[in-house]
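Letter by letter, the chains look like this.
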Amino acid sequence: MTAAACPLCTASGGVLVFQCEKFRVIRAEEAGFPAFYRVVWSDHVAEFSDLGVEDRILCMAAVSVVELALREHLQPTKINLAALGNMVPHLHWHVIARFEWDSHFPSPVWCPAQRPLHSAALAVIQERLGGVALTIQRELSALTPAW
């Protein structure tokens, strides 16, 4: 896939939370999973190992910031991290807060649902997303000037 045809090169891919020269953080608009984030590398590379050492460190630092913000504000049962890229071969990390009550838990979000959506619990998570975004912005703004 060329950069011209890549959906992560041509569109934001979700709600933009943070952006710098090297990467952006978006909140994906995945139904039933309001705390589903992606760290998307700016350059069109397919694999994590395509990055130089310093960029790999920065990329994982960004993933860690998102994970820590989700843990701080949402207290999830588990955080799922994935860098699959099978459908879109552009380096991006999925950072997904998971809860025992979510419709797919403990299976991956890409599997069939195991139970109906828990609307009340989803609403609580939605209310806390502003705090998640502010923490991500603050922490990544402090981190990225050094890079």
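For the structure, check the block above.
Residues numbered from 1 in each chain as written. Predicted model: local features only at pLDDT ≥ 70, side-chain atom pairs only at ≥ 80, totals over all residues. Heavy atoms only, no water.

## Examining the pairing of strand β3 (residues 36-41)
The buried count for β3 comes to six of six residues, which makes it a mostly enclosed element. Neither face of β3 is left uncovered, since the one carrying F36, R38 and V40 and the one carrying Y37, V39 and W41 both have all their residues buried. Where strand β2 (residues 23-27) meets β3, five bridges bridge the pair, whose relative direction is antiparallel. Directly across from V25, in β3, lies its bridge partner V39. With five bridges connecting them, β3 and strand β5 (residues 92-98) associate as antiparallel partners. Looking across to β5, one finds that V40 is bridged to H92. (Buried < 20%, exposed > 50% of the residue type's maximum accessible area, 1.4 Å probe, protein only. Helix = DSSP H or I, 4+ residues; strand = E, 2+ residues; numbered from the N terminus. Pairing = 2+ DSSP bridges.)

## Some details on empty space enclosed by the protein
For the structure shown, the criterion picks out one cavity of 30 Å³ or more. By volume, the largest cavity is sized at about 50 Å³. Along the walls of the largest cavity sit G32, F33, P34, A35, I96, A97, F99, W101, D102, L122 and I125, which together make up its complete lining. Looking at the lining of the largest cavity, the elements with two or more residues in it are β5 and α3 (119-143). Class assignment for the residues of the lining of the largest cavity results in nine nonpolar, one polar and one charged. (1 Å grid on protein atoms, 1.4 Å probe; cavity = no way out; pocket = protein on both sides within 12 Å on 5 of 7 lines; lining within 4 Å. Points joined across faces, edges and corners; volume = space filled by probe spheres on them. Nonpolar A, V, L, I, M, F, W, Y, C, P; charged D, E, K, R; others polar.)

## A few points about the environment of V45
Take V45: it is sitting in the loop between β3 and α2 (53-74). On the accessibility criterion, V45 (18% relative accessible area) is buried. Residues V45 and V109, spaced 64 residues apart in sequence, show a C-alpha to C-alpha distance of 25 Å. The contact partners of V45, leaving out residues within four places of it in the chain, are D50, L51, P89, H90 and L91. (Contact = heavy atoms within 4.5 Å.)

## A closer look at α2
End to end, α2 covers 32 Å across 22 residues, agreeing with the expected 32 Å (1.5 Å per residue, within 8%). Looking at α2, one finds that the buried residues are D55, L58, C59, A62, V63, V65, V66, A69, L70 and L74. Viewed end-on, α2 has its buried residues packed into an arc of 145°, placing them on one side of the element. Exposed positions of α2 whose direction lies more than 90 degrees from the buried face are V53, E54 and L68. Contacts made by the buried residues of α2 are with β2, β3, β4 (78-82), β5 and α3. The first or second residue beyond α2 is Q75, which carries a positive phi of 45°. (Expected span 1.5 Å × (residues − 1). Arc of directions from axis to C-beta.)

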